[in-house]
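The lines below spell out each chain.
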Amino acid sequence: MCKVCGCNQAEVAIDSIEQHVHHHTDMQAAPNANDSAARLIEIEQSILSKNDEFAEQNRNYLSHKGIFSLNLISSPGSGKTTLLTEIIKRLQEQHHIYVIEGDQQTALDAARIRETGVKATQINTGKGCHLDAHMVGHAFEHLGMHKGAFLFIENVGNLICPAGFDLGEAHKVVILSVTEGEDKPLKYPEIFHAADVMIINKIDLLPYLNFNLQQCCEYAKQINPEIEIIELSATSGENIDQLCHWLVAEKNAFSIAVLSE
Ligand SMILES: Nc1nc2c(ncn2[C@@H]2O[C@H](COP(=O)(O)OP(=O)(O)O)[C@@H](O)[C@H]2O)c(=O)[nH]1
Ligand SMILES: [Mg+2]
Ligand SMILES: [Zn+2]
Ligand SMILES: [Zn+2]
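Residues numbered from 1 in each chain as written. Chains lettered and ligands numbered in written order. Predicted model: local features only at pLDDT ≥ 70, side-chain atom pairs only at ≥ 80, totals over all residues. Heavy atoms only, no water.

## Overview of the environment of Gly 117
- Relative to the helices and strands, Gly 117 is located in the loop between helix 4 (108–114) and strand 5 (119–124).
- Sequence separation between Gly 117 and Lys 89 is 28 residues, and the spatial gap between their C-alpha atoms is 9.4 Å. (Helix = DSSP H or I, 4+ residues; strand = E, 2+ residues; numbered from the N terminus.)

## Let's talk about the packing of aromatic side chains
- A complete count under the given rule lists four aromatic pairs for this structure.
- Between the aromatic rings of Tyr 61 and Phe 140, the centroid separation amounts to 5.2 Å while the plane-to-plane angle is 20 degrees, which identifies the pairing as stacked. Of this pair, Tyr 61 sits in helix 2 (residues 37–65) while Phe 140 is found in helix 5 (residues 133–143), placing the two residues 79 residues apart along the sequence.
- Using a relative accessible area of 31% as the deciding quantity, one classes Tyr 61 as partly exposed.
- Exposure remark for Phe 140: the relative accessible area of 6% places this residue in the buried category.
- A ring pair is formed by Phe 68 and Phe 254, whose centres lie 5.6 Å apart and whose planes are at 55 degrees; its orientation type is tilted. In this pair, Phe 68 is assigned in strand 3 (residues 68–74) and Phe 254 in helix 9 (residues 240–259), connecting sequence segments 186 residues apart. Phe 254 matches Phe 68 in its accessibility class, with the two residues each being buried.
- Each member of the aromatic cluster is reached from another via a ring pair, and the members are Phe 68, Phe 150, Phe 152 and Phe 254.
- The ring of Phe 150 carries the charged tip of Lys 251 above its face, separated from the ring centre by 5.1 Å. (Phe/Tyr/Trp six-rings, centres within 6.5 Å; stacked < 30°, edge-to-face > 60°. Buried < 20%, exposed > 50% of the residue type's maximum accessible area, 1.4 Å probe, protein only. Lys NZ or Arg CZ within 6 Å of the ring centre and 35° of its normal.)

## Digging into the packing of helix 3 (residues 80–91) against helix 9
- Where helix 3 contacts helix 9, the two axes come as close as 10 Å, and the packing angle between them is 70 degrees. Between helix 3 and helix 9, the angle is such that the two are roughly perpendicular. As for how helix 3 packs across helix 9, the hand of that crossing is right-handed. Listed contacts from helix 9 to Leu 83, Glu 86, Ile 87, Arg 90 and Leu 91 of helix 3 are Ile 240, Asp 241, Leu 243, Cys 244, Leu 247 and Val 248. (Axes fitted to C-alpha atoms, helices over the stretch in contact; angles between N-to-C directions. Parallel < 35°, antiparallel > 145°, perpendicular 65-115°, else oblique. Left-handed = near helix turned anticlockwise from the far one by under 90°. Contact = heavy atoms within 4.5 Å.)

## Concerning the coordination of the magnesium ion (ligand 2)
- Here the magnesium ion (ligand 2) is held by the protein donor atoms Thr 81 (OG1), Asp 109 (OD) and Glu 154 (OE), which lie 2.1 Å from it.
- Spacing between the donor residues of the magnesium ion (ligand 2) along the chain follows T-x27-D-x44-E. Taken as a pair, Thr 81 in helix 3 and Glu 154 in strand 6 (residues 150–154) lie far apart in primary sequence, 73 residues in all.
- Its relative accessible area of 3% is what places Glu 154 among the buried residues. (Donors = N, O, S within 2.8 Å, 3.2 Å for Na, K, Ca; no water.)

## Remarks on the nonpolar core
- Counting residues in each nonpolar core, the largest one holds 30 residues, and the members touching the most others are Leu 83, Phe 152, Leu 243 and Leu 247.
- Elements represented by at least two residues in this core include exactly strand 3, helix 3, strand 4 (97–103), helix 4, strand 6, strand 7 (171–177), strand 8 (197–201) and helix 9.
- Setting aside chain neighbours within four positions, we find Leu 247 in contact with Phe 68, Leu 70, Ile 87, Leu 91, Phe 150 and Phe 152.
- Counting residues in hydrophobic clusters, the runner-up holds 19 residues, among them Val 12, Ile 14, Val 136 and Ala 149. (Core = buried A, V, L, I, M, F, W, Y, C linked by side-chain atoms within 4.5 Å.)

## Considering the packing of helix 2 against helix 5
- Direction vectors running N to C along helix 2 and helix 5 enclose 30 degrees, while the axes themselves pass 8 Å from each other. Considering their axes alone, helix 2 and helix 5 lie roughly parallel with respect to each other. Considering how the two elements wind past one another, helix 2 and helix 5 form a crossing that is left-handed. Here Asn 51, Phe 54, Ala 55, Asn 58, Tyr 61 and Leu 62 of helix 2 come into contact with helix 5, specifically with Ala 133, His 134, Val 136, Gly 137 and Phe 140.
- Classifying every residue of the contact of helix 2 with helix 5 gives seven nonpolar, four polar and no charged. (Nonpolar A, V, L, I, M, F, W, Y, C, P; charged D, E, K, R; others polar.)

## Re the site of ligand 1
- In the vicinity of ligand 1 lie 16 residues, with Gly 77, Lys 80, Thr 81, Thr 82 and Asp 204 positioned nearest.
- Within the backbone of Ala 234, an N or O atom sits 2.9 Å from an oxygen atom of ligand 1.
- If ligand 1 stood free it would expose 580 Å²; the protein chains cover 71% of that surface.
- When residues of the shell around ligand 1 are assigned to their parent elements, the largest contribution, three residues, is made by helix 3.
- Considered class by class, the residues forming the shell around ligand 1 number three nonpolar, eight polar and five charged. (Near = heavy atom within 4 Å. Polar contact = N/O pair within 3.5 Å; in protein donor to acceptor, adjacent residues only side chain to side chain. Areas by Shrake-Rupley, 256 points an atom, 1.4 Å probe, with all protein chains shown as cover.)

This is the structure in structure tokens:
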């Protein structure tokens with residue numbers, strides 16, 4: 001059960017293979033009608049602490065292999081998959097890159113990523129509204145990742161629930177496209193608080209919209225003064241090189257940090 005919206009995530013499949021539910025059973029204990037509020041809070045805490053244990057395992061695995069991972073979170077349609085294919089085109093000659101795709105249904109996005117030549121695995125969450133650390137840990141088994149790689153995790157399109165679930169990633173990246181309105185950092189503060197970076201996508205559309213870019217950045221900084229902001233267009237390519245420089249610099253810093261541990 002999702003701690004945020006109460007949905008049930010019992011139908012997870014990775015690359016169309018139905019997953020076992022051994023760890024899931026107690027992660028998704030459903031409350032019956034008599035459960036008190038205290039019991040609900042207890043279940044939420046249990047789900048989150050289970051998730052944190054799996055996230056810690058993932059983080060250990062990734063740092064042991066020197067794999068730099070990002071968890072991309074946004075509403076449906078803000079351009080995550082388009083942006084990923086553009087990043088991959090620019091970085092794949094110099095770097096090993098892997099992608100985990102999260103959607104409720106279909107393997108369409110994993111197929112889009114594979115067209116670039118990069119290895120991708122698709123997690124289908126069924127009714128679930130976010131990825132959790134347990135699913136992601138099993139997705140690692142499908143990828144056979146090289147040391148020192150990039151791992152991009154495209155979360156299920158949702159600005160709310162993914163904010164609460166650590167996957168073991170190095171950074172959460174929130175993507176907001178200019179068609180969504182500049183007020184979203186104030187309306188969905190949890191994710192803007194949890195993210196280290198905000199990407200404002202589709203800036204090629206600014207001339208046609210009333211989106212107030214400066215206001216959006218101020219709202220985001222109000223929620224999270226440390227947040228890094230990159231404005232770009234995945235389709236025109238504007239500022240994608242700037243994002244790629246940031247990615248490589250962060251990956252290098254990550255490698256140095258894990259080597260010295
Ligand atoms: N104009 C414009 N359209 C974009 C941009 N990035 C993505 N799109 C379009 O937005 C739609 C959703 O993109 P997609 O990558 O599937 O979004 P996702 O659901 O976040 O993975 C597609 O039609 C893309 O072509 C952009 O920078 N500018
Ligand atoms: Mg997508
Ligand atoms: Zn939810
Ligand atoms: Zn398991």
